[in-house]
Amino acid sequence: MLLATQLQRVFILKDKGQEIRLADPEPKWSAEAVLNFYAGTYPILTTAKISAPEIRDDAVEYRFESVMGTKG
């Protein structure tokens, strides 16, 4: 028998060399809405873009990648 399950969404932010895993605040929201939700807590997200989702460990992972240049 085939069983279908909905995969959990996980959002990953890389900040200062560390990966921060962010929980999905509302499964009905788009990835852009989640980005805007977390931008108040993590200001670096105001200039971030969202990478294509990847399935890993029974979860759909979205990565928030900063588009800011590095200094120097």
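Residues numbered from 1 in each chain as written. Predicted model: local features only at pLDDT ≥ 70, side-chain atom pairs only at ≥ 80, totals over all residues. Heavy atoms only, no water.

Please explain unusual backbone geometry as it appears in this structure.
Trans is the common state for peptide bonds, and a negative phi is the common state for residues other than glycine. One non-glycine residue, K16, adopts positive backbone phi at about 55°. Despite not being glycine, D57 shows a phi value in the positive range, around 50°. Turning to its location among the elements, D57 is positioned in the loop between β4 (54-56) and β5 (59-66). (Helix = DSSP H or I, 4+ residues; strand = E, 2+ residues; numbered from the N terminus.)

I tried to follow the side chain of R9 on my own but got confused; where do I start?
Considering the arrangement of structural elements, one finds R9 in strand β1 (residues 8-15). Given a relative accessible area of 14%, R9 falls into the buried group. At a separation of 2.8 Å, a polar atom in the side chain of R9 contacts the side chain of D24. Reaching out from R9, the side chain makes a polar contact with the backbone oxygen of W29 at a distance of 2.9 Å. With residues near it in sequence (within four places) discarded, R9 still touches D24, E26, P27, W29, S30, A31, V34, V60 and Y62. (Buried < 20%, exposed > 50% of the residue type's maximum accessible area, 1.4 Å probe, protein only. Polar contact = N/O pair within 3.5 Å; in protein donor to acceptor, adjacent residues only side chain to side chain. Contact = heavy atoms within 4.5 Å.)

What am I meant to see in the pattern of salt bridges here?
Any two side chains of opposite charge can pair, given that their charged atoms come close. This model, assessed by the stated rule, comprises five salt bridges. A salt bridge links R63 to E19; its shortest N-O distance comes to 2.9 Å. Of this pair, R63 sits in strand β5 while E19 is found in strand β2 (residues 18-22), placing the two residues 44 residues apart along the sequence. When the shortest N-O distance is used, the salt bridge between E61 and R56 registers 3.5 Å. (Salt bridge = Lys/Arg side-chain N within 4 Å of Asp/Glu carboxyl O.)

Just checking my understanding: could you explain the packing of aromatic side chains for this structure?
Each aromatic ring pair is specified by the distance between its two centres and by the angle formed by the two planes. A complete count under the given rule lists four aromatic pairs for this structure. Ring centres 5.5 Å apart and planes at 15° place the aromatic pair F11 and F64 in the stacked group. Highlighted residues: F11 in strand β1 and F64 in strand β5, separated in sequence by 53 residues. Taking relative accessible area as the criterion, F11 reaches 0% and is therefore assigned buried. With centroids separated by 5.1 Å and ring planes inclined at 80°, the aromatic side chains of F37 and Y38 adopt a geometry described as edge-to-face. Residue F37 is classed as partly exposed on the basis of its relative accessible area of 42%. Three or more aromatic residues link up through ring pairs in this structure, and these residues are F11, Y62 and F64. (Phe/Tyr/Trp six-rings, centres within 6.5 Å; stacked < 30°, edge-to-face > 60°.)

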